[in-house]
Protein chains: 2
Amino acid sequence: MSTVDKYFELVDQHQQKFIETLREVVAIPSVSSDASRRGEVVRMGEWLQARWEALGATCKRVDPGKQDLHGVELDLPPVILGQYGNDANKKTVLVYGHYDVQPALLEDGWDTDPFTLVEMADGRLVGRGSTDDKGPVLGWLLCAETHKQAGLDFPVNLKFCFEGMEESGSEGLDDIIVAEADKWFKGTDVVCISDNYWLGTSKPCLTHGLRGVSYFHLQIEGPGADLHSGVFGGTVHEPMIDLVHLLSTLVDPNGRIKVPGIYDQVMAETEEEQRSYEGLEFSHNALAGDLKRDIIIHSDERMTLKHRWRYPTLSIHGVEGAFYAPGDKTVIPARVRGKFSLRTVPNMEPARVAELVTQYLNAEFAKLGSKNVMKVIETHGGRWWYSSPNHPNFVAAARATERVYGVAPDLTREGGSIPVTLTFEENLGVNVLLLPMGAADDGAHSTNEKIDKRNYIQGIKLLGAYLHEIAVTDLTAATA
Amino acid sequence: MSTVDKYFELVDQHQQKFIETLREVVAIPSVSSDASRRGEVVRMGEWLQARWEALGATCKRVDPGKQDLHGVELDLPPVILGQYGNDANKKTVLVYGHYDVQPALLEDGWDTDPFTLVEMADGRLVGRGSTDDKGPVLGWLLCAETHKQAGLDFPVNLKFCFEGMEESGSEGLDDIIVAEADKWFKGTDVVCISDNYWLGTSKPCLTHGLRGVSYFHLQIEGPGADLHSGVFGGTVHEPMIDLVHLLSTLVDPNGRIKVPGIYDQVMAETEEEQRSYEGLEFSHNALAGDLKRDIIIHSDERMTLKHRWRYPTLSIHGVEGAFYAPGDKTVIPARVRGKFSLRTVPNMEPARVAELVTQYLNAEFAKLGSKNVMKVIETHGGRWWYSSPNHPNFVAAARATERVYGVAPDLTREGGSIPVTLTFEENLGVNVLLLPMGAADDGAHSTNEKIDKRNYIQGIKLLGAYLHEIAVTDLTAATA
């Protein structure tokens, strides 16, 4: 029996014990956005550090400093850096995960207490953090513990980076990655992040792309103070009227961006990419069900995925400075800011996007003939991330997936951003893989968050199998 | 010397005493929107009642019931009804005013404590409520007291209605007016309200029109919950994108309403109205100064006034349900409500306005091809008010103004609403006059609210002169 098969057998034997460990960590309410729970976040980090140290790992606790949370000064929770194994003949894999969770209250609509893991008859393990991201973070730990306890050779040197602020903007993390790139992270061959989800609920996937985001504030300044619409309506240029006209010129109701030049930089589709959409586990029926109303623009499922993954999109988020409360108020807001963002894709440059958007809005504003003052402010310009799925890191993960699940994984991209992905790639100069454990319906930030027992247990196998595959993979092989 | 001249002389002699009385009432912080100040509002009502009763008036305190103020249950402050004089040979004038005030804090930017009246060297009497509406409310009282103390015959029977909730929506008042129309208010010949302002700062005016307001919520419902723009942007119909398209179809940036049929019901201009714009004290220079930025649409001052007084206008107030806070949030709001309102003028019918707006938005929404659900909700449809400035009530007020100020008053309308005007007119079936005491720059709801000493003292004369003119006016004379 191979080491991997032996490992699989042990994981199956220890299923219940692994669920108990998940129960133990779900019970620590490490909500990073709640000042009153900051101590629990720290406790969760310390739990992880202690458990890895008990296994023989060398850990380094980095405290990123202070945070101002709605006027309360708090210590940021620690980033736990670790090194497990240091064999010059083995490859070194860096894994990232986060031990903080989203807020959760029973009265939000949970069926059970969110911080008590409940194993349902249908196989769901329900509890806050079960899938995002405590399950995957435990996966790496339980894999190493299982190997050690059974005397199995651990196939790689493992470095890890576990943070406690992911649900609150990863405050402080980037600086640490930059500072440790040539120190703690030195020698890393590949990075693996398990913090996203399958495209559907039955078929595993590897994720090789993320979109960037360019966020804009479109500000219109009119009078020195808010005005009474009875006195001034119809006699002055109203900032809100200018704003709705400008916002309506950005995108049509079918999602087509009207800013000239935006689509020019989009990477052309290759035949390989075309083929990759075949057989993906994705259906409009399921999507419409999740949305509670069929408001899907495209009739072809592939077009929906392409607009999620490979085309830029533009969304309008809201307006700052206008009347937003329930009820009626007859105000003419003096200064308003429309908030919108573009999701960007290869090969768009954030600076060029900002230039195109600003030029276009200046021209459209000039057409209005308004005496108000307009300004376009780019508040954020984060790049997309794209990796070839033919890189040996992905090939290794695909082989591991086939070994555990018996199917070739879907190759997916995601519409959102996981900024740490790009930070690792750019600062460490190595390939990064996104290897999800949970399924699309896990409800990561929702009520009744769960991970299916199958995904948890097979996921623990998957992470181990991946490390074994990396051990025997030539990472220098050319990417097709 | 006539009774009126004698009265004027006494007012001049008692200027300082009248300012002291204003100081006494400004010192009562009767802020109706502040639960912690509710006792002060009641104290102010009781002060008025006691003072009128000391003069011999019969008063009736009506408590309108309970109010829910942000979850705190409060007793509504009393409406003080009064009757001063009951001579079958005299006409009966009903006056209305309010004894509550807007909130005010020194840290809002006041130069002096808002609840301590300060007499400035330039003649301003600065303090919260000085002009809105404690000065005018005192005017009626001081007029009656002066007549009595000097043994001058009071020219009319005076009824009064002073409320303590005007700055908070006049909660409870309408029901009392309806209930007392044939009881306490029975026998009223004319109504006079002193609770608005001159068009400028030097020339007195009479006000004979107010616009109505029809308020709408334009609701777009999309998915069952807010969505992540990274995942769903560009693949689903976004409520905010539909909303900005629809809002932009309502009105152009120069204030022209694009809803078909809206201008069809607008009363034609007569030659008399044309003439009435000549010589009004109104300048774009002063207006632009008040606005802090010249955002005036029209080049002709008369057009600005016409769009304030006699044309319908449409303002966009804000959006409920979208992201409104500072900063960035990549949300696709699930359900949004755009808030807009039309100011309506003779002879528009609120029901017809709602019908036209709804029909138009339904048609425009159909053009978008969106799968979201749109609904137009009319939350308020208040009528305009218009009175002929040739009514004997106005003629009497014009003669009184000439007697005090030496000039014929401007005849103005206002762009906003004073709903109680219409309530009195409709329920009592008599003419209502708006006779302002303060000037355009008094800053009624602002920091450093003031009434000029001239306006206060001459205003006390004006209210008395008006009552004397009413006494000798044939109110049954045909209106030209």
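Residues numbered from 1 in each chain as written. Chains lettered and ligands numbered in written order. Predicted model: local features only at pLDDT ≥ 70, side-chain atom pairs only at ≥ 80, totals over all residues. Heavy atoms only, no water.

**Student:** Give me the lowdown on the overall build of chain A, citing residues and values where you can.
**Tutor:** The number of helices and strands found in chain A is 14 helices and 20 strands. Relative to the 2.2 N^0.38 estimate, which gives 23 Å for 480 residues, the radius of gyration of chain A is 24 Å and therefore close to what a compact globule would have. Dimensions of chain A, computed from the C-alpha atoms along their principal axes, are close to 85 × 50 × 45 Å. When the 480 residues of chain A are sorted by exposure, 60% land in the buried category. Here the analysis covers contacts within chain A between residues at least 6 apart in sequence; of these, 80% occur between residues at least 24 apart. Of the roughly 17700 Å² that chain A leaves accessible, carbon and sulfur atoms contribute 48%. (Helix = DSSP H or I, 4+ residues; strand = E, 2+ residues; numbered from the N terminus. Rg over C-alpha atoms; globule rule 2.2 N^0.38 Å. Buried < 20%, exposed > 50% of the residue type's maximum accessible area, 1.4 Å probe, protein only. Contact = heavy atoms within 4.5 Å. Areas by Shrake-Rupley, 256 points an atom, 1.4 Å probe, with all protein chains shown as cover.)

**Student:** Break down the interface of chain B and chain A for me, citing the residues and quoting the values.
**Tutor:** Taken together, the contacts link 77 residues of chain B with 77 residues of chain A. Of the roughly 6000 Å² buried between chain B and chain A on both sides combined, carbon and sulfur atoms contribute 56%. For the chain B face of the interface with chain A, the top three residues by lost area are Thr-235, Pro-253 and Ile-295 of chain B, together amounting to 11%. Taken together, the links from chain B to chain A amount to 2 salt bridges. For Asp-294 of chain B, the salt bridge is made with Lys-371 of chain A, and the minimal N-O distance between the two is 3.5 Å. Summed over the shared surface of chain B and chain A, the number is 49 residue pairs in polar contact (both at pLDDT 80 or more). (Buried area = accessible area lost by both parts, 1.4 Å probe. Salt bridge = Lys/Arg side-chain N within 4 Å of Asp/Glu carboxyl O. Polar contact = N/O pair within 3.5 Å; in protein donor to acceptor, adjacent residues only side chain to side chain.)

**Student:** Pulling in residues and values, what's your account of the pattern of salt bridges?
**Tutor:** All names here are of chain B. For the structure shown, the criterion picks out 60 salt bridges over all chains. Glu-355 is the partner of Arg-352 in a salt bridge, and the nearest nitrogen-oxygen pair spans 2.8 Å. Residue Arg-352 and its partner Glu-355 are located together in helix α11 (residues 350-368), separated by 3 residues, close to a single helical turn. With relative accessibility at 39%, the residue Glu-355 sits in the partly exposed group. In this structure, Asp-441 engages Lys-450 in a salt bridge whose closest nitrogen and oxygen atoms are separated by 2.8 Å. A relative accessible area of 43% places Asp-441 in the partly exposed class.

**Student:** Tell me about the sheet that holds strand β16 (residues 373-382) of chain A, residues and numbers included.
**Tutor:** Residue and element names in this part refer to chain A. With respect to topology, 4 strands assemble into an open sheet ordered β13-β15-β11-β16, the strand pairing being antiparallel. The open sheet has two edge strands, β13 (313-320) and β16, and neither has a second partner. On average, each strand axis in the sheet is inclined to that of its neighbour by 20°, with strand direction left out of account. As paired strands, strand β11 (residues 212-221) and β16 are joined by 9 bridges and run antiparallel to one another. Note on β16: the bridge partner recorded for Val-213 is Gly-382. Its contacts with the sheet place helix α11 (residues 350-368) against β11, β15 (335-344) and β16, and it is angled at close to 165° to β16. (Pairing = 2+ DSSP bridges. Axes fitted to C-alpha atoms, helices over the stretch in contact; angles between N-to-C directions.)

**Student:** So what's going on with the pairing of strand β2 (residues 66-69) of chain A? Which residues, and what values?
**Tutor:** All names here are of chain A. A one-sided burial pattern is seen for β2, the buried positions being Gln-67 and Leu-69 and the unburied ones Lys-66 and Asp-68. Taken together, the 4 bridges between β2 and strand β3 (residues 72-75) define a ladder with antiparallel strand orientation. By the bridge assignment for β3, Gln-67 is matched with Leu-74. Where β2 hands over to β3, the hairpin turn is made up of 2 residues, of which His-70 adopts a positive phi near 50°.

**Student:** Mind laying out the relation of the copies chain B and chain A, listing which residues take part and the relevant values?
**Tutor:** For the pair chain B and chain A, the superposition axis carries a translation of 0.0 Å, the fit reaches an RMSD of 0.1 Å, and the rotation angle comes to 180°. As the rotation angle and translation indicate, the two copies are arranged about a two-fold axis. Minimal C-alpha separation from the rotation axis in chain B is found for Val-244 of chain B, amounting to 2.5 Å. When the interface residues of chain B are mapped onto chain A, 100% of them are again interface residues, pointing to one common binding face. (Least-squares fit on C-alpha atoms with pLDDT ≥ 70 in both.)

**Student:** Account for the UniProt feature "active site" (unreviewed entry) in chain A, naming residues and giving values.
**Tutor:** Residues and elements named next belong to chain A. Taken from the UniProt record, the annotation "active site" (unreviewed entry) applies to Asp-100 and Glu-166. A compact arrangement is adopted by the annotated residues: their sequence extent is 67 residues, whereas the largest C-alpha distance between any two is 6.7 Å. Checked against the element boundaries, Asp-100 lands in the loop between β5 (92-98) and β6 (118-119). Aside from chain neighbours lying at most four places away, what touches Asp-100 is Ser-30, Ser-32, Val-41, Asp-132, Glu-163, Gly-164, Met-165, Glu-166, Glu-167 and Ser-168. A polar contact is formed between the side chain of Asp-100 and the backbone nitrogen of Glu-166, at a distance of 3.1 Å. Among the structural elements, Glu-166 can be located in the loop between β8 (157-163) and α5 (173-180). The exposure class of Glu-166 is partly exposed, given its relative accessible area of 22%. Excluding residues within four positions of it along the chain, Glu-166 makes contact with Tyr-96, His-98, Asp-100 and Asp-195. (UniProt positions renumbered as here; feature names shortened; annotations may be inferred.)

**Student:** How would you sum up the domain arrangement of chain A? Please name residues and give values.
**Tutor:** Put simply, an interface is often sized by how much accessible area is lost when its parts join up. Residue and element names in this part refer to chain A. What the domain assignment reports for chain A is domain 1 (3-210 + 384-471) and domain 2 (212-267 + 310-382). Taking only C-alpha atoms into account, the centre of domain 1 sits 38 Å from that of domain 2. Carbon and sulfur atoms make up 53% of the surface buried where domain 1 meets domain 2, a total of about 670 Å² over both sides. The interface formed by domain 1 and domain 2 holds 0 salt bridges in total. Applying the counting criterion to the domain 1 and domain 2 interface returns 3 residue pairs in polar contact (both at pLDDT 80 or more). When its residues are assigned to classes, the side of domain 1 that touches domain 2 shows 3 nonpolar, 3 polar and 1 charged. (Domains from an automatic or database assignment. Nonpolar A, V, L, I, M, F, W, Y, C, P; charged D, E, K, R; others polar.)

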